[in-house]
Each structure stands twice: as structure tokens, then as C-alpha cells.
Amino acid sequence: MIRVEIGAGRSGIGRSNGGMLVNRIETAEGYMLPLGGPEFWLQAELQDAMDRIVRQHFRDLLSMPRAPYPRVELSTRMVSSAGRCYPDTGEIRIATLYHRDHGIDETLLVLKHELAHWAARWRYGAKVAPHGREFRMIVLELDPRITVTCPPFAARERAQKR
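Below is a summary of the structure that appears in this document. Bear in mind that the values here come from a model prediction, so they are computed numbers and not experimental data.

## With respect to the pairing of strand E6 (residues 91-95)
Now for step 1: Burial within E6 is extensive, with four of its five residues counted as buried.
Now for step 2: Pairing of strand E4 (residues 71-75) with E6 involves five bridges; the strand directions are parallel. Bridge pairing links Ser75 to Ala95 in E6.
Now for step 3: The sheet contact formed by strand E5 (residues 83-86) and E6 spans four bridges and is antiparallel. When the bridges of E6 are listed, Tyr86 appears paired with Glu91.
Now for step 4: Connecting E5 to the antiparallel partner E6 that follows it, the hairpin turn spans four residues, and Gly90 within it adopts a positive phi of roughly 85 degrees.

Listed below in C-alpha cells is the structure:
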């Protein structure tokens with residue numbers, strides 16, 4: 001059993017029967033989360049999903065010495081785009097606000113969309129059109145539900161910028 005000392009929205013430290021130190025934080029909804037917060041777990045979930053997708057669909061790209069292995073980063077600042085891919089560095093950014101407003105299933109579609117950009121660049125070359133024929137072929141291979149545009153999100157944050 002874990003005894004945790006917590007103030008509202010603050011971290012607490014408790015000890016299990018084995019003497020192991022356990023850090024937890026209480027969210028506004030009353031959930032107990034390990035320190036690092038939901039973004040840490042979302043990033044880990046997205047990275048795991050991406051690793052599975054890359055191994056399943058893009059084995060040919062893994063053998064290319066110049067193609068960087070993609071990595072997921074979360075952005076709390078993105079409010080107009082759900083995701084962004086930088087194929088030359090392998091960086092894929094996903095908006096945490098999009099996940100907040102649309103959930104994990106829609107966020108995984110954004111991840112697949114961005115992975116399609118990465119794959120199109122390395123499979124067909126640097127001159128490939130952003131949402132061109134090659135990109136659409138990869139999208140159909142990954143998931144036909146992937147779209148070019150995303151539904152609106154982060155309305156509160158956009159309103160605060162005005």
C-alpha cells in the first residue's frame with residue numbers, strides 16, 4: 001500500500017511497504033499520475049506506436065543510411081497545426097492541445113499523416129509534393145482514414161492570442 005501526501009495539484013512523496021520512494025501528482029480531476037505528467041505518457045505512447053508503424057510499413061527506409069529514424073516530440077505551443085514533420089532530421093511534432101481536444105485515436109491519425117511525409121521524402125526524394133501522389137499512396141498504405149486537414153482545436157488558446 002502506498003501512502004501519498006498530496007496537496008491539490010501538487011506533488012507528494014510516499015513510501016511503499018518495500019521502502020521504495022514513490023512520487024505522484026494529483027490532477028485537477030483527482031487522478032494520481034506519476035511525475036512527468038500526461039505529456040510524458042502521451043509521448044511514450046506515440047513513440048511506441050510510431051516504432052510499430054515504421055517496422056511494419058517502412059522496413060525499406062530503415063536500411064537507408066541517410067534516412068534519420070523518426071522521433072516524436074510534443075508541442076504545447078502549436079495551435080494551428082496538429083502536427084509537423086521535418087523529414088531531413090526525422091523530427092515529428094504533435095500538438096498536445098490537439099490530443100486534449102480530440103483524443104488518442106485522432107492523434108494517432110496525425111502521427112500517421114506526419115510519418116507519411118517522412119516516408120515520402122525518403123522513399124521518393126526531396127522534391128516530392130507535400131500532399132502529392134506519392135504522399136497519398138503512402139497514406140492509403142497506412143490508413144485510409146488519414147486526411148490532409150485536421151478539425152479545429154485549441155479554440156481557447158487561439159482566442160487568448162487575439
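From this point, the narrative continues.
## So, unusual backbone geometry
Now for step 1: Positive phi outside glycine occurs at Ala154, with the angle close to 60 degrees.
Now for step 2: Within the fold, Ala154 resides in the loop between helix H4 (133-142) and helix H5 (155-161).

## A look at the packing of aromatic side chains
Now for step 1: Summed over all chains, the structure comprises two aromatic pairs.
Now for step 2: Between Phe58 and Trp118 the ring centres are 6.0 Å apart and the planes differ by 75 degrees, which places this aromatic pair in the edge-to-face class. Placement of Phe58 in the loop between helix H1 (37-57) and helix H2 (59-62) and of Trp118 in helix H3 (residues 96-124) is noted, with a sequence separation of 60 residues between them. In this structure, Phe58 and Trp118 share a single accessibility class: buried.
Now for step 3: Measuring from ring centre to ring centre gives 5.2 Å for Tyr98 and Phe153, while their planes differ by 85 degrees; the resulting arrangement is edge-to-face. Remark: Phe153 occurs in the loop between H4 and H5 and Tyr98 occurs in helix H3; sequence separation between them is 55 residues.
Now for step 4: Judged by relative accessible area, Phe153 falls into the buried class, the value being 2%.
Now for step 5: Cation over ring: Arg158 sits above Phe153, and NZ or CZ is 5.5 Å from the ring centre.

## Here's the deal with H4
Now for step 1: Every buried residue of H4 is listed here: Glu134, Phe135, Ile138, Val139 and Leu142. Angular distribution of buried residues about the axis of H4 spans 140 degrees; they occupy a single face of the element. Structural note: H4 exposes Arg133 and Leu140 on the side pointing more than 90 degrees away from its buried face.

The rules behind the values
- Residues numbered from 1 in each chain as written.
- Predicted model: local features only at pLDDT ≥ 70, side-chain atom pairs only at ≥ 80, totals over all residues.
- Heavy atoms only, no water.
- Buried < 20%, exposed > 50% of the residue type's maximum accessible area, 1.4 Å probe, protein only.
- Helix = DSSP H or I, 4+ residues; strand = E, 2+ residues; numbered from the N terminus.
- Pairing = 2+ DSSP bridges.
- Phe/Tyr/Trp six-rings, centres within 6.5 Å; stacked < 30°, edge-to-face > 60°.
- Lys NZ or Arg CZ within 6 Å of the ring centre and 35° of its normal.
- Arc of directions from axis to C-beta.

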